[in-house]
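One-letter residues, chain by chain:
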Amino acid sequence: MPRTVAHPFYEQLNRVLEGRGFDEWVEGQCARFYAEKMGRPSLAPGRYFRLLLIGYFEGIDSERGIAWRAADSLALRSFLGVGLKEMPPDHSTISRTRRLIDVETHQAVFRWVLELLAEKDLLQGKTIGIDATTLEANAALRSIVRRDTGEGYQEFLVGLAQESGIATPTREQLAKLDRKRAGKGSNEDWVNPHDPEARITKMKDGRTHLAHKAEHAVDLETGAVVAVTVAAGDAGDTATIWETLPQAGEHIAEVACTTNNEEVGERVHPEGPLEAVGDKGYHSNDTLQRLREAEVRTYISEPDRGRRCWQDKPEAQQAVYGNRRRIRGEHGKELLRRRGELLERSFAHAYETGGLRRVHLRGRDNILKRVLIHVGGFNLSLVMRQWLGKGTPRGLQGLSADALLALLRFWIAVLVRTKQECASVPMPVSSHAVCMVILIPLAAE
């Protein structure tokens, strides 16, 4: 059968997983979710989590798309261990398995990947950057209803128009009435009955949608995501940080306990993060003061609030002034630049090219299960990039052209250096050097 560049990538990824006994370990973690008696053929845990990893590496957002792609691709069949005459799992089997396996098991798989990163020296755990992004929910704004009465948005507007004296309002009149109304998109008044946990949120591009909020904690020394949480779309950064940062500290401590030993030394900082880096949304007196009490140095950008009064707030003043002094130093500026690079990179890979900017699941727990394994795939791509030079199958596809271009550049550099050292000797290979220069843009194309 024909083989593509995806075959060696997934073969190497399988070697990484099998090298640490992933299938045996995850079967032990999921044993309680499977019946002892033989019934309907089930989806093996190792195959289920591989299917979710395919969602990241192939940039597929829905479980239907994952099932279709797994059935269509020879490379993915090999990765899953599915024969040519065997039918891969359909989307309903994937969905049912996801519902049966709890969030804690998905988090355990995420920590297993972190342990793999630590063994490859791709996790330090001393400096953590935090940022959040919005994920569009699988629910429509036109389906929202009032929390108190249960009436739809259109019915509510008709009632307002009739109260104002318009007996049979037109669509233009309803739009004009709705445009002038203040606080029309309040999450305290409106809810989507199909996904009650979704919140009316203004997206990054300025649109308004029902959305959830994904928050990453990233190791700024390696780029690995050490914790990911999913919160309400309208939740503030100063509130969600107290779920993400402690979780990052727990993951780092657990990984350090497992991977640090006398033979290899201290791979991961055992006491959790020493430095926390964030943008202006995380700046508040309470956040800085609590992190100072926890002996975590903060490098959080400070918004312009003008002149402030610190009467009866000496501890908050010390925390704010200490953070201000640190972000103005060279080390603080470097950490803030690195935060912008590595945090945005994790969002771009996981949600843009990874295809999870719009979720196809409902319920925060279901979304968190998918996001945990999706971001776990991003962490695995760091291992693959260290091993193969590329972190995805599509990246490996262009490796041959990159290698040819690098080889041509190397030989041109050798020829130029030789010509400089032997300037008095005629160079019979100069014509070849000219040909190589001409070939470079062709190889790049």
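Heads up: the structure comes first, above all this text.
Described in the following lines is the structure provided in the data block. All residue numbers refer to position in the chain's written sequence, counted from 1. In keeping with the model being predicted, local features are shown solely for residues with a pLDDT of at least 70 and side-chain atom pairs are shown and tallied solely at 80 or more, while totals for entire chains, interfaces and linings include all residues. Note: side-chain values were computed over all heavy atoms of the structure, leaving out hydrogens and water.

### With respect to the overall build of the protein
Stage number 1. Runs of E in the DSSP output that reach at least two residues are strands. Runs of H or I that reach at least four are helices, and both are numbered from the N terminus. Looking only at helices and strands, the protein has 17 helices and 8 strands in total.
Stage number 2. Each principal axis of the C-alpha distribution contributes one length, and for the protein these read about 95 × 65 × 55 Å.
Stage number 3. Within the protein, buried positions represent 46% of all 445 residues.
Stage number 4. Here a residue-residue contact requires only that any non-hydrogen atoms of the pair lie within 4.5 Å. The long-range fraction of contacts in the protein, counting pairs at least 24 apart against all pairs at least 6 apart in sequence, stands at 71%.
Stage number 5. When charges are counted, neither His nor the chain ends are considered; positive counts come from Lys and Arg and negative counts from Asp and Glu. Working definition for charges: the position is that of NZ of Lys, CZ of Arg, CG of Asp or CD of Glu. Once the 62 positive and 60 negative side-chain charges of the protein are each reduced to a mean point, those two points are 5 Å apart. Working definition: with a 1.4 Å probe on protein chains only, accessible area under 20% of the residue-type maximum means buried, over 50% means exposed, and in between means partly exposed.

### As for helix α12 (residues 314–327)
Stage number 1. Between the first and last residue of a helix there are one fewer steps than residues, each counted as 1.5 Å, and that sum is the expected span. If you check α12, its first and last C-alpha atoms are 20 Å apart, about what 14 residues at 1.5 Å a residue would give, namely 20 Å.
Stage number 2. Buried within α12 are the following residues: Ala-316, Ala-319, Val-320, Gly-322, Asn-323 and Ile-327. Seen along its axis, α12 keeps its buried residues to an arc of 160 degrees; they face one direction.
Stage number 3. Check the buried side of α12 and you find it contacts α11 (285–293), β8 (297–300) and α13 (330–352). Note that the arc is defined by the directions from the helix axis to the C-beta atoms.

### Here's the deal with the nonpolar core
Stage number 1. As used in this record, nonpolar core signifies buried Ala, Val, Leu, Ile, Met, Phe, Trp, Tyr and Cys residues forming a set joined through side-chain atoms within 4.5 Å. Formed by 94 residues in total, the largest nonpolar core has its most connected members in Leu-123, Tyr-351 and Val-371.
Stage number 2. Looking at this core element by element, the count peaks at 11 residues for helix α14 (residues 364–388).
Stage number 3. Excluding residues within four positions of it along the chain, Tyr-351 makes contact with Thr-133, Leu-135, Ala-214, His-216, Val-228, Leu-356, Arg-357, Val-371 and Val-375.
Stage number 4. With 12 residues, the next largest nonpolar core counts Tyr-153, Ala-161, Trp-190 and Leu-210 among its residues.

### Side note on empty space enclosed by the protein
Stage number 1. Using protein atoms alone on a 1 Å grid, points that fit a 1.4 Å probe yet trap it form a cavity, whereas open point sets bounded by protein on both sides within 12 Å along at least five of seven lines form a pocket; residues with an atom within 4 Å of a point count as lining. Grid points are joined across faces, edges and corners, and a volume is the space filled by probe spheres set on the points. Going through the model one piece at a time under the given rule, you end up with 2 cavities of 30 Å³ or more.
Stage number 2. What the largest cavity holds in volume is close to 70 Å³.
Stage number 3. The wall of the largest cavity is formed by Leu-17, Phe-22, Phe-49, Leu-53, Val-109, Phe-110, Val-113, Leu-372, Ile-373, Gly-376 and Leu-380.
Stage number 4. When contributions to the lining of the largest cavity are tallied by element, the ones reaching two or more residues are α3 (45–57), α7 (103–119) and α14.
Stage number 5. When residues in the lining of the largest cavity are grouped by element, the largest group, 4 residues, is from α14.
Stage number 6. Each residue gets one label: Ala, Val, Leu, Ile, Met, Phe, Trp, Tyr, Cys and Pro are nonpolar, Asp, Glu, Lys and Arg are charged, and the others, such as Gly, are polar. Residues of the lining of the largest cavity, tallied by class, amount to 10 nonpolar, 1 polar and no charged.

### Section: the side chain of Glu-275
Stage number 1. Along the chain, the position of Glu-275 falls in strand β7 (residues 275–278).
Stage number 2. Side-chain polar atoms of Glu-275 contact the side chain of Thr-127, separated by 2.7 Å. The term polar contact refers here to a pair of N or O atoms within 3.5 Å; inside protein, the definition further demands a hydrogen-donor-capable atom paired with an acceptor-capable atom, and it admits residues adjacent in sequence only when both atoms are side-chain atoms.

### Considerations on the pattern of salt bridges
Stage number 1. Salt bridges are defined as contacts in which a side-chain nitrogen from Lys or Arg sits within 4 Å of a carboxyl oxygen from Asp or Glu. All chains considered together, the criterion is met by 19 salt bridges.
Stage number 2. Taking the shortest distance from any N to any O, the salt bridge between Arg-69 and Glu-58 comes out at 3.6 Å. One end of the pair, Arg-69, is in helix α4 (residues 63–72); the other, Glu-58, is in the loop between α3 and α4, and 11 residues separate them in sequence.
Stage number 3. Arg-338 serves as the salt-bridge partner of Glu-334, at 3.7 Å between the closest nitrogen and oxygen. Of this pair, Glu-334 and Arg-338 both sit in helix α13, separated by 4 residues, roughly a single helical turn.

### Thoughts on the pairing of strand β4 (residues 199–202)
Stage number 1. In this description, strands pair whenever DSSP reports at least two bridges between them. As judged from the 4 bridges shared by β4 and strand β5 (residues 208–219), these two strands associate in the antiparallel manner. Within the sheet, the bridge partner assigned to Lys-202 lies in β5 and is Thr-208.
Stage number 2. Linking two consecutive strands that pair antiparallel, namely β4 and β5, is a turn of 5 residues; a positive phi of about 95 degrees is found at Gly-206 within it.

### Comments concerning the side chain of Thr-105
Stage number 1. In this fold, Thr-105 is placed in helix α7.
Stage number 2. A polar atom in the side chain of Thr-105 sits 2.6 Å from the side chain of Asp-102.
Stage number 3. Filtering out sequence-adjacent residues up to four positions away, Thr-105 remains in contact with Gln-29, Cys-30, Arg-32 and Phe-33.

### Details of the packing of aromatic side chains
Stage number 1. Note on aromatic pairs: the rings of Phe, Tyr and Trp (six-membered ring only in Trp) are paired at centre separations within 6.5 Å, and the planes decide the class, stacked below 30 degrees, edge-to-face beyond 60, tilted for the rest. One pass over the full model with this rule turns up 13 aromatic pairs.
Stage number 2. Seen from their ring centres, Tyr-48 and Phe-49 are 4.9 Å apart, and the 65 degrees between their planes marks the pair as edge-to-face.
Stage number 3. By relative accessible area, which is 0% here, Tyr-48 ends up buried.
Stage number 4. By relative accessible area, which is 0% here, Phe-49 ends up buried.
Stage number 5. For the pair Tyr-56 and Phe-57, a centre-to-centre distance of 5.2 Å together with 75 degrees between the ring planes defines the contact as edge-to-face.
Stage number 6. Taken together, the ring pairs connect Phe-9, Tyr-10, Tyr-56, Phe-57 and Phe-79 into an aromatic cluster.
Stage number 7. Placement of a positive charge over a ring is assigned whenever Lys NZ or Arg CZ falls within 6 Å of the ring centre and within 35 degrees of the normal to the ring plane. The residue whose ring lies beneath Arg-146 is Trp-190, and the NZ or CZ to ring-centre distance is 5.3 Å.
Stage number 8. Over the aromatic face of Tyr-299 sits the side chain of Arg-326, whose NZ or CZ is 5.9 Å from the ring centroid.

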